[in-house]
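Listed below are the residues making up each chain.
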Amino acid sequence: MADPHIDPSWLEPLRDAFAADSMARLRAYLDAEEAAGKRIFPPAADRFRALELTPLPAVRVVLLGQDPYHGAGQAHGLCFSVRPGVKPPPSLINIYKELASDCGIAPARHGFLEHWARQGVLLLNSVLTVEEGRAGAHRARGWETFTDAVVRVVAARPEPVVFLLWGAYAQKKAGFVRSVAEGGHHLVLKAPHPSPLSAHGGWFGSRPFSQANAFLETHGRGTIDWALPATV
């Protein structure tokens, strides 16, 4: 059964993914973990937040993350984003630095990215839950199969979409997406991950935001307002 916290436009395209045995096993696993007293982030109402805020026909950019932040109060269902009042993590700080260099947009004082999601930026993690304090705890439990299906559904759409693939993990996950250079109709922009460990290896200077907007505008899909509100 599909989660109620999801835009209806995703339901039919993802019907088989929601009904898969792997999802049933995943739900049973999460229920058992919570029954055992383990804290799972984000809370159930936010686990499909990316699919709730960004309807399928509205998707213009896909940004892939790995798994949610594992600290209390951070994760809320959008990759790289944290709740209002939470200090932006290091990777997001580097994203803001590149945004400033690329587009002249001053870094936000918060890390809440819903403004992007509501404009058609699908902020999708590969794994949608995590146990408190245990990064990657829910990898290989079934989420990857589901989010692979999400990426495939978007890639199959006729409308041109920008795929921002930062780091080897995201590039492998969406490796099947055919770019314009390969005879497809999507723009695939690859760069190192913006984490402090890899950002100086080519992330800085990659100019993903301006390139995304130039492509979208050329194909009649408007542009993304990457400037975040001053307050949230």
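Residues numbered from 1 in each chain as written. Predicted model: local features only at pLDDT ≥ 70, side-chain atom pairs only at ≥ 80, totals over all residues. Heavy atoms only, no water.

Draft legend 1. Inspection of the overall build of the protein chain at higher detail. Helices and strands together make up the secondary structure of the protein chain, namely 8 helices and 6 strands. Ordered by position from N to C terminus, the α and β elements of the protein chain give α-α-β-α-β-α-α-β-β-α-β-α-β-α. Expected size for 232 residues packed as a compact globule is a radius of gyration near 17 Å; at 17 Å, the protein chain falls within 12% of this value. Taking the intrachain contacts of the protein chain between residues at least 6 apart in sequence as the baseline, contacts between residues at least 24 apart amount to 72%. Working note: accessible area of the protein chain is about 10,400 Å², and carbon and sulfur atoms make up 54% of it. Placing the 24 positive and 22 negative side-chain charges of the protein chain at their respective mean positions leaves the two points 4 Å apart. (Helix = DSSP H or I, 4+ residues; strand = E, 2+ residues; numbered from the N terminus. Rg over C-alpha atoms; globule rule 2.2 N^0.38 Å. Contact = heavy atoms within 4.5 Å. Areas by Shrake-Rupley, 256 points an atom, 1.4 Å probe, with all protein chains shown as cover. Lys, Arg positive; Asp, Glu negative; His and termini not counted. Charge placed at Lys NZ, Arg CZ, Asp CG, Glu CD.)

Draft legend 2. View of helix 8 (residues 208-218). Inspection of helix 8 places P208, F209, S210, A212, N213, F215 and L216 among the buried residues, and these make up the whole buried set. Against the buried residues of helix 8 lie strand 2 (61-65), helix 4 (90-103), helix 5 (114-117), strand 5 (162-166) and strand 6 (187-191). Following helix 8 by one or two positions, G220 adopts a phi angle in the positive range, close to 70°. (Buried < 20%, exposed > 50% of the residue type's maximum accessible area, 1.4 Å probe, protein only.)

Draft legend 3. Region of the structure containing the UniProt feature "active site" (unreviewed entry) in the protein chain. Following the UniProt record, one finds the feature "active site" (unreviewed entry) at D67. As for its position among the elements, D67 is in the loop between strand 2 and helix 4. If near-sequence neighbours (up to four positions away) are discounted, D67 is found in contact with N125, V127, V130, A135, G136 and R139. (UniProt positions renumbered as here; feature names shortened; annotations may be inferred.)

Draft legend 4. Structural context of the pattern of salt bridges. For the coordinates displayed, the defined rule picks out 14 salt bridges. In this structure, E114 and R118 form a salt bridge, with 3.2 Å as the shortest nitrogen-oxygen distance. Judged by relative accessible area, E114 falls into the buried class, the value being 9%. Close ionic contact of E131 with R134 constitutes a salt bridge, the shortest N to O distance being 2.8 Å. Residue classification places E131 among the buried positions, given a relative accessible area of 11%. A residue is classified by how much of its surface remains accessible, and R134, at 43% relative accessible area, is partly exposed. The structure contains a network of salt bridges with shared partners spanning R49, E52, E114 and R118. (Salt bridge = Lys/Arg side-chain N within 4 Å of Asp/Glu carboxyl O.)

Draft legend 5. Molecular detail of the nonpolar core. With 67 residues, the main nonpolar core has W10, W116, L122, F146, F163 and W226 as its most contacted residues. The element best represented in this core is helix 6 (residues 143-155), accounting for 7 residues. With near-sequence residues (within four places) excluded, W116 lies in contact with I95, L99, V121, L123, F209, D225, W226 and L228. (Core = buried A, V, L, I, M, F, W, Y, C linked by side-chain atoms within 4.5 Å.)

Draft legend 6. Summary view of the sheet that holds strand 3 (residues 121-125). The strand order 3-2-5-6 describes an open sheet built from 4 strands, whose pairing is parallel. The strands lining the two open edges of the sheet, one partner per strand, are strand 3 and strand 6. For this sheet, the mean angle separating the axes of adjacent strands, direction not counted, is 20°. Bridge count between strand 5 and strand 6: 5 bridges; the pairing is parallel. Across the sheet, residue W166 finds its bridge partner in strand 6, namely A191. Relative to strand 3, helix 6 is tilted by about 155°, and along the sheet it contacts strand 2, strand 3 and strand 5. (Pairing = 2+ DSSP bridges. Axes fitted to C-alpha atoms, helices over the stretch in contact; angles between N-to-C directions.)

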